[in-house]
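Chain and residue survey
Listed below are the residues making up each chain.
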Amino acid sequence: MDAFDDLFAANARFAGGFENSGLTGTAARGLAVVTCMDSRIDPLGLLGLQPGDAKILRNAGARVTDDVLRTLVLAVYLLGVERVLIMPHTDCGMSKVSDADVHALTQSKGVDTRSLEFHTVPDQGAALRHDLTRIKSSPFLPEDLPVTGAIYDVHTGELVPVA
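The paragraphs below set out a description of the structure included in this document. One numbering rule holds for all chains: residues counted from 1, following each sequence as written. It should be noted that, the model being predicted, local features are given only for residues of pLDDT at least 70 and side-chain atom pairs only at 80 or more, the latter also being counted only at that level, while totals for whole chains, interfaces and linings use all residues. To get the side-chain values, all heavy atoms of the structure are used, and hydrogens and water are removed first.

Considering the overall build of the protein
The line we're drawing: Strands here mean DSSP runs of E at least two residues long; helices mean DSSP runs of H or I at least four residues long; both are numbered from the N terminus. Exposure is judged per residue with a 1.4 Å probe applied to protein chains only, and the accessible area is read against the type maximum: over 50% gives exposed, under 20% gives buried, and values in between give partly exposed. Any two residues whose heavy atoms approach within 4.5 Å are treated as being in contact. Here the Shrake-Rupley method, with its probe set to 1.4 Å, supplies the accessible areas, and only the displayed protein chains count as covering residues.
Scanning the protein for helices and strands turns up five helices and five strands. Secondary structure of the protein in N-to-C order comes out as α-β-α-β-α-β-α-α-β-β. With the principal axes as the frame, the protein shows a C-alpha extent of 50 × 45 × 35 Å. Each of the 163 residues in the protein was classed as buried or not, and the buried ones make up 36%. The contacts of the protein with a sequence gap of at least 6 include a subset with a gap of at least 24, amounting to 67%. For the protein, the exposed surface amounts to about 9,800 Å²; the carbon and sulfur share of it is 57%.

The structure is reproduced here in C-alpha cells:
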C-alpha cells in the first residue's frame, strides 16, 4: 500500500470537508465533454463548471471511440446530457506518435499490442472533424443533439472553436 499512502491520506482530508453529497448522477448543465487524459487539463475549471454540471469522458487523444460513443448514448438517454463538446488539446502526446510507433515501443519491451488500436492523431483537425461527424451521424443519438469541437491550448488556457 506504500505507493498509494499519499492518495489515501489526501482523500481522508478531502472527505473531511466533503460538501457534494446532494449531487445526483445527472449532468446539471446538460453537458458532456470528451477530452484527453492529459493531466494539464482541468475540464471543470476551464469551462467554468462545478462538480455535477457535466459528464467528463477522458481518453488518450480525446477520441470518440466505440466506448465513448457507448457512454454518450448512456449519458444522453439516462443522465441528462443534451449537448456534447469534443475538446482535444495542443501539445498532445497522441499527435507525436503513430500506432506503429506505439506497437514498436511496446514490442521492444516484450509486449505485443498489435490487437489494440491506439487512435493516435497525426492530424488533430482531421481527427476532430472525424469524431464530430461520428457523433452527428450516429444512429444511436438524437439527430438534433448539439455537438461542437474546440482545441484547448495547454500553454494559454484558451479554448479555440473548430468548425
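Now that the structure has been shown, the text picks up again.
A short note on the pattern of salt bridges
Quick note on the threshold: Should a side-chain nitrogen of Lys or Arg be within 4 Å of a carboxyl oxygen of Asp or Glu, the pair is scored as a salt bridge.
The full count for this structure, using the stated rule, is eight salt bridges. Between Lys96 and Asp91 there is a salt bridge, and its shortest N-O distance comes to 2.5 Å. Residue classification places Lys96 among the exposed residues on the basis of a relative accessible area of 54%. Between Asp112 and Arg114 there is a salt bridge, and its shortest N-O distance comes to 2.6 Å.

A few points about the side chain of Thr35
So the rule is basically this: In the analysis that follows, any N or O atom pair within 3.5 Å is treated as a polar contact, provided that within protein one partner can donate a hydrogen and the other can accept it, and provided that, for residues neighboring in sequence, both atoms belong to side chains.
Mapped onto the fold, Thr35 is located in strand E1 (residues 31-36). Assessed through its relative accessible area of 0%, Thr35 is described here as buried. At 2.7 Å, the side chain of Thr35 and the backbone oxygen of Met87 are in polar contact. Residues contacting Thr35, with those up to four places away along its chain left out, are Ile41, Pro43, Ile56, Leu57, Arg58, Asn59, Ala62 and Met87.

Some thoughts on the nonpolar core
Let me state the cut-off plainly: Think of a nonpolar core as a cluster: buried Ala, Val, Leu, Ile, Met, Phe, Trp, Tyr and Cys residues, connected wherever their side-chain atoms sit within 4.5 Å.
Counting 20 residues, the largest nonpolar core has Val34, Leu72, Val81, Val84, Ile86, Ile135 and Leu145 as the members making the most contacts within it. For this core, the elements supplying multiple residues, two or more each, are E1, helix H3 (66-78), strand E3 (83-87), helix H5 (124-136) and strand E4 (147-152). Top element by residues in this core is H3. It accounts for five residues. When near neighbours in sequence (up to four residues on either side) are disregarded, Leu72 contacts Ala32, Val34, Leu57, Val84, Ile135 and Leu141. Formed by 16 residues, the second largest nonpolar core is a distinct cluster that contains Ile41, Ala62, Met87 and Val154.

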